[in-house]
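This is what each chain is made of:
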Amino acid sequence: MFFLKKAENWFVWIFFPLALLLPLFLEQNEFYVNKLTSVVIFAMFVMSLDYLVGRCGMITLGHSMFYGLGGYLFIMIAPEYEAVNFWVYTFYICVIAALIALVVGVIVLRTSGIYMIMITLAIAQMCFYFFSDSVEFGGNDGLFIFTKPDTSLFGLSFFNLDDPMHFYYFCLLSLFNCLVFWKVVTGSRFGRIMEAVKDNPARTTALGYNVFLFRLISYCMASALAAYAGYLFALQYGYVNPSMMSWQTSGTALVMSILGGMGSLYGAILGTVVYEGLHYTFEHLTQHWLLLMGSMIIAMVMLFKSGLAGVIDNLVERRK
Amino acid sequence: MKKHTSLLTLASALIVSLAGWSAPTAAADKPIKVGVMLPFSGVYAALGDAGRNGMKLALEQHADKLHGRNIEFIEMDTEARPDRAPEIATSLMSQKKADFIIGPVHSGVAMGMLKVLRNKKPVVIIPNAGANAATGPWCAPNVFRTSFSAWQPSYPMGKAALDKGYKKVVTMSWNYGFGKESLAAFEESFKAGGGKVLKKIMVPFPKTEFQSYITDIASLKPDAVFVFFAGGGAVKFVKDYNAMGLSGKIPLLGSGFLTEGTLTAQGDAAEGVITGLHYADGLDNPANHAFRADYEKAFGKPADLYAVQGYDTGLLIAMAVDQLKGNISDQGKLIQTMESLTIPSPRGDFTFSRAHNPIQTIYLRTVENGENRVIGVAAEALEDPARGCKMK
Amino acid sequence: MDFAIFLVQLLNGLQYGLLLFLIASGLTLVFGVMGILNLAHGSMYMVGAYLVWYFFQLTDQFLLSALISAALALGLGVLIEKTLIHRLYKRNHLDQVLLTIGMIFVFNALQSILWGDDPLGVPVPELLSGSIHLTELVEYPVYRLFVAALCLLLAGALYLVINRTRIGMLIRAGESNREMVECLGVNINQLYTLVFGAGVMLAALAGVVAAPMISIVPGMGEHVLITCFVVVVIGGMGSIKGAFVAALLVGVVDTFASVLVPGVSSMIVYILMAVILLIKPEGLFSSQK
């Protein structure tokens, strides 16, 4: 299988069955399913960031741009009052996002480290202000999506986007596919070269590989999947807003990814679930939830050397 | 040892994060559930606090009118983040089964919230967010507003400026929905009366470095300046305007939020600023005097506009429940009752328009000795045109 | 734009730039010497402003309040370094990012609990409350000129300390080769504590002197943080000189752009940064190799 490491295997076998069954045990109302859905969607976004940062060593603080673009691209290219085909537009959005990433990547990949963080931030901020200042895209107040796409494939309809339960399972499946996709990528020859690029770009170049090209392809893939997550988020409630692209969104995703264990991929799911869970609990506990949240983050970073995934790794591997 | 602590922290993090998911929500003997979605952290936190305080005060004072039903508050922090609004709204509606949902402050959050709540079971009462659309194109039977539309406080100011003899003005605000709508409303009446807008300055939100813009205004030498800013930005703008020596030379007009809840921080800089709003601290009516005294006693600080709007939201709920003798299960009846009410607000009595926005008087006020003093009425019983609203 | 107005705008830009420098200098100093990316730097600016407001309410003395606040900020910086940052030197940058984001949350919460959420203001000190006529309409407040002068003075002082004193020598040595400095028997831990404390104090000091000119509101730290990072990156991470030039550049460009090209003024500093990084990927005066 793709999940070679023991800890990873454990996690996949516990998380996905649990996530499959969870809606059956939760109180039967729209909220829980919707909440789980948004966590699952965000985990996809975090995972694409996790690949970039943890596996390619490209730290970006502008990834939210693609997340937001996923939603806005749909509004830009789809007719307002006509149901379009979900799969076709998924394809369009991912391809357009990848093309945008290609152009942006050529610019940002000239830099590295902190400079790359800042230049990605700069480009994302420009994009944020473009939508936030715009008149035709609803400006700061955002826009509604009135007609959700139709999901039939070759005339067969599998599920209904308006049913929260259907949508949840679809997103969960997408998350699983994303995880498999990234595992395949990292396990392939391409992934191994990427690993070499991350550890020692100079030597990889000397071996005759075009480091820039490898980085660029990785950047495009991660951006396309981030846009896919953003597209799903926009469809969930039928609402897009520039705050999806704010640097705080990138920052939160980065926090989740580091919390989960940078580069472990499944840690992205772990980080997102734990962060969202803590957030949910604390905000129901007190108005000053920020204090608890902040303290918890500080405590975790002080105690866990490589995130939550690191802790699980330790536990599982030790029991061998 | 280290391992144990880290294990413990991990375990507690997991338990805490899981515990939240399964918290029971069973209702005992059916209190009226009031879901509150206001910003309690970040830039708008002060507005959220005041609105909530006002509402609680009203519901405590009128506890006897609730026909024995208790009120249960469920408070959620919106963080003024529009992207979280649909989720929180769903939570209050489906998970907490709120009868009323109160919120928000921020117009963007209002849009995200209405997307989920329009034409649904809970009755939504907006205690601040002024986006015209909420009682315009997106109006709905179950959505009420106790505050204002962006159009309301600004529209009469165009005429007020002309009355004072100002023909050429510069307008300025943050470049976001509410600001744009405020300036548009001002221009509507100002241009209709033959006034000329020399320049419209849109400042990126939430930038507060205003000096260059103010210098620009000085170079244009208009008769007056009309601005929309609120909260911290309003404080900074008024201070900068004064510091650059323009106050007293080029009159400063504004939508009333410019000097609302900000006067202590603005200090002397705000003296003489003229604004239009549906409320003023010094309004001379018994309801206002009583409200201000009670509010100060209960919360230890003077009431502001946001507290008044929260208070009226509480009044609206209490009066509706009273008229229906505590039985609010029939949504149609509840909405009908609410539509018919006249709210004895500290701002003066008001009723609701067909789009459920207050029909209210806009006062002309000027700042004197650190207080908003009423100097006249800018528009009597002003009704928002509710453009695009299909409700009858 | 006539010439007098042009000069006033230039003054606006320089004054804004100088204040930016004061905030950014601590950030770049800490990064240059310790390699720590302190995202909570903006929170320190906020803490400075709130502290001076608080002590001003108690004492009614601006200077005294300013001194107390600066001293407390130094203490706070030392405390944070000793208890938290200290343990993370051997970890990667991302753990530091996570830690300092946690700190932002905590500081924002404490601000809300201790001082409430209303916008606050501090009056300009009596002695400096006058203003100077520049054109027939425009006046310039003395306090802002004073702040500009103070920032210049501090910039000069920082320059002297780093280039002319023993501590400065150690700082420069630490920047280029920290292992070597350690081998030479210098207590690098103490140096780090001192530098971090100084960084926090500079940010807080900026908050203190800015307090009479701004509105003290929740979230003011994050807003300034991003602009500061832009300044530091344009100047070259770790370079005080670079931060100075970049701050003035950002101040002036932002000021003129907001009047001349309002359509892109929200993006202008980011465009500036992107362009500079494309030409010089390491910033104007990078001290990192």
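The model shown is predicted, which means the values in this text are computed figures rather than measured ones.

With that out of the way, let us pick up the overall build of chain C. Scanning chain C from N- to C-terminus turns up eleven helices and two strands. The secondary structure elements of chain C, listed N-terminal to C-terminal, are α-α-α-α-β-β-α-α-α-α-α-α-α. Here the C-alpha atoms of chain C give a radius of gyration of 19 Å, agreeing with the 19 Å that 2.2 N^0.38 yields for 289 residues. Overall size of chain C, expressed as C-alpha extent along the three principal axes, is 65 × 50 × 35 Å. Residues counted as buried form 61% of the 289 residues belonging to chain C. Considering only residue pairs separated by 6 or more positions, chain C has 77% of its internal contacts joining residues 24 or more positions apart.

Geometrically, a packed helix pair is captured by the angle between its two axes and the distance between the axes. Residue and element names in this part refer to chain C. For the pair helix α9 (residues 220-235) and helix α10 (residues 240-260), interaxial distance at closest approach is 7 Å and the crossing angle is 125°. Looking at the two axes, α9 sits oblique to α10. Relative to α10, α9 is oriented so that their crossing is right-handed. Contacts between α9 and α10 involve V230, V231, I234 and G235 from the former and G242, A243, A246, A247 and V250 from the latter.

The next subject is the interface of chain A and chain C. Many structure descriptions define interface size as the accessible area lost when the parts assemble. In this assembly, 36 residues from chain A lie in contact with 42 residues from chain C. Roughly 3,500 Å² is buried in total at the junction of chain A and chain C, and carbon and sulfur atoms are behind 82% of that figure. The interface formed by chain A and chain C contains zero salt bridges. Counting across the interface, chain A meets chain C through seven residue pairs in polar contact (both at pLDDT 80 or more). Looking at the side of chain A that touches chain C, the elements that each hand over two or more residues are α5 (113-133), α10 (247-260) and α12 (289-303) of chain A. Considering only residue class, the side of chain A that touches chain C consists of 27 nonpolar, six polar and three charged.

Residue and element names in this part refer to chain B. Within strand β12 (residues 358-368), ten of the eleven residues are buried, leaving the element largely enclosed by the surrounding structure. Pairing geometry for strand β10 (residues 274-277) and β12, over four bridges, is antiparallel. When the sheet's bridge partners are listed, G276 is paired in β12 with L364. Looking at chain direction, strand β11 (residues 351-352) and β12 are connected through two bridges and run antiparallel. Bridged to T351 within β12 is I359. Where β11 folds back on β12, the antiparallel hairpin that results is connected by five residues, among which H356 adopts a positive phi of roughly 70°. In this structure, β12 lies alongside strand β13 (residues 371-382), joined through eight bridges in antiparallel fashion.

With that out of the way, let us pick up the domain arrangement of chain B. Residue and element names in this part refer to chain B. Domains assigned within chain B are domain 1 (29-148 + 280-352) and domain 2 (151-277 + 361-382). Using C-alpha coordinates to define each centre, domain 1 is positioned 28 Å away from domain 2. In this assembly, 14 residues from domain 1 lie in contact with 14 residues from domain 2. Summed over both sides, the interface of domain 1 with domain 2 buries roughly 1,300 Å², with 59% coming from carbon and sulfur. Looking only at domain 1, the three residues that lose the most surface to domain 2 are N132, F148 and A280, adding up to 35% of its buried area. Our count for the domain 1 to domain 2 interface comes out at four residue pairs in polar contact (both at pLDDT 80 or more). Looking at side-chain class alone, the side of domain 1 that touches domain 2 contains seven nonpolar, four polar and three charged residues.

All names here are of chain B. Mapped onto the elements of the fold, N128 is located in the loop between β4 (123-126) and β5 (143-145). Polar contacts involving the side chain of N128 include one to the side chain of Q309, which spans 3.0 Å. Beyond its immediate stretch of four places on either side in the chain, N128 contacts L47, P104, V105, S147, F148, Y306 and Q309.

So, on to the state of the cysteines. This model, assessed by the stated rule, comprises one disulfide over all chains. Between C139 of chain B and C389 of chain B runs a disulfide, and the two sulfur atoms are separated by 2.1 Å. Between C139 of chain B and C389 of chain B, the disulfide has an S-S torsion of 85° and is therefore right-handed. Placement of the pair is C139 of chain B in the loop between β4 and β5 and C389 of chain B in the segment after β13, with a sequence separation of 250 residues. Neither C139 of chain B nor C389 of chain B differs from the other in exposure class; each is buried. For C171 of chain A, which is in no disulfide, the shortest distance to another cysteine sulfur is to C178 of chain A and amounts to 10 Å. The class for C171 of chain A is buried, based on a relative accessible area of 0%.

Listed per partner, the contact involves 48 residues of chain B and 51 residues of chain A. With both chains or domains summed, chain B and chain A bury close to 4,300 Å², and 62% of this area falls on carbon and sulfur atoms. Between E283 of chain A and R84 of chain B there is a salt bridge, with its nearest N and O atoms 3.0 Å apart. Across the contact surface, chain B and chain A share 13 residue pairs in polar contact (both at pLDDT 80 or more). Looking at the side of chain B that touches chain A, the elements with two or more residues in it are α1 (2-19), α2 (45-61), β2 (71-77), α3 (85-95), α4 (107-117) and α6 (177-192) of chain B. Of the residues contributing to the side of chain B that touches chain A, the split by class is 17 nonpolar, 18 polar and 13 charged.

All names here are of chain B. This structure, assessed with the given rule, holds six cavities of 30 Å³ or more. The computed volume of the second largest cavity comes to approximately 220 Å³. In terms of lining, the second largest cavity is formed by 19 residues, of which the most central are Y44, V105, Y176, F178 and F228. Elements with a minimum of two residues in the lining of the second largest cavity: α4 and α6. Considering only residue class, the lining of the second largest cavity consists of eleven nonpolar, seven polar and one charged. For the lining of the second largest cavity, the domains that each give at least three residues are domain 1 (29-148 + 280-352) and domain 2 (151-277 + 361-382).

So, about the packing of helix α1 (residues 6-25) of chain A against helix α6 (residues 164-187) of chain A. All names here are of chain A. Direction vectors running N to C along α1 and α6 enclose 170°, while the axes themselves pass 10 Å from each other. With respect to each other, α1 and α6 are oriented roughly antiparallel. For the pair α1 and α6, contact is made by E8, V12, F15, F16, A19, L20 and P23 and by M165, Y168, Y169, L172, L175, F176, L179 and K183, respectively. A breakdown of the residues in the contact of α1 with α6 according to their chemical character gives 13 nonpolar, no polar and two charged.

This brings us to the pairing of strand β6 (residues 168-174) of chain B. All names here are of chain B. Of all the seven residues making up β6, six are buried; the element is thus mostly covered by neighbouring parts of the structure. Of the pairings in the sheet, the one linking β6 to strand β7 (residues 196-203) comprises seven bridges and is parallel in character. Looking at the pairing, K168 lines up with K196 of β7. Handedness of the β6-α6-β7 crossover: right-handed. Of the strand pairs in this sheet, β6 and strand β8 (residues 224-228) are connected by five bridges, and their pairing is parallel. By the bridge assignment, S173 is partnered in β8 with F228.

So, about the environment of I240 of chain C. Tracing the chain through its elements places I240 of chain C in helix α10. In the structure, I240 of chain C is positioned 202 residues away from N38 of chain C in sequence and 16 Å away in space, judged by C-alpha atoms.

Cut-offs and rules
Residues numbered from 1 in each chain as written. Chains lettered and ligands numbered in written order. Predicted model: local features only at pLDDT ≥ 70, side-chain atom pairs only at ≥ 80, totals over all residues. Heavy atoms only, no water. Helix = DSSP H or I, 4+ residues; strand = E, 2+ residues; numbered from the N terminus. Rg over C-alpha atoms; globule rule 2.2 N^0.38 Å. Buried < 20%, exposed > 50% of the residue type's maximum accessible area, 1.4 Å probe, protein only. Contact = heavy atoms within 4.5 Å. Axes fitted to C-alpha atoms, helices over the stretch in contact; angles between N-to-C directions. Parallel < 35°, antiparallel > 145°, perpendicular 65-115°, else oblique. Left-handed = near helix turned anticlockwise from the far one by under 90°. Buried area = accessible area lost by both parts, 1.4 Å probe. Salt bridge = Lys/Arg side-chain N within 4 Å of Asp/Glu carboxyl O. Polar contact = N/O pair within 3.5 Å; in protein donor to acceptor, adjacent residues only side chain to side chain. Nonpolar A, V, L, I, M, F, W, Y, C, P; charged D, E, K, R; others polar. Pairing = 2+ DSSP bridges. Domains from an automatic or database assignment. Disulfide = S-S within 2.5 Å. 1 Å grid on protein atoms, 1.4 Å probe; cavity = no way out; pocket = protein on both sides within 12 Å on 5 of 7 lines; lining within 4 Å. Points joined across faces, edges and corners; volume = space filled by probe spheres on them. Right-handed = clockwise from strand over helix to strand, strands pointing away.

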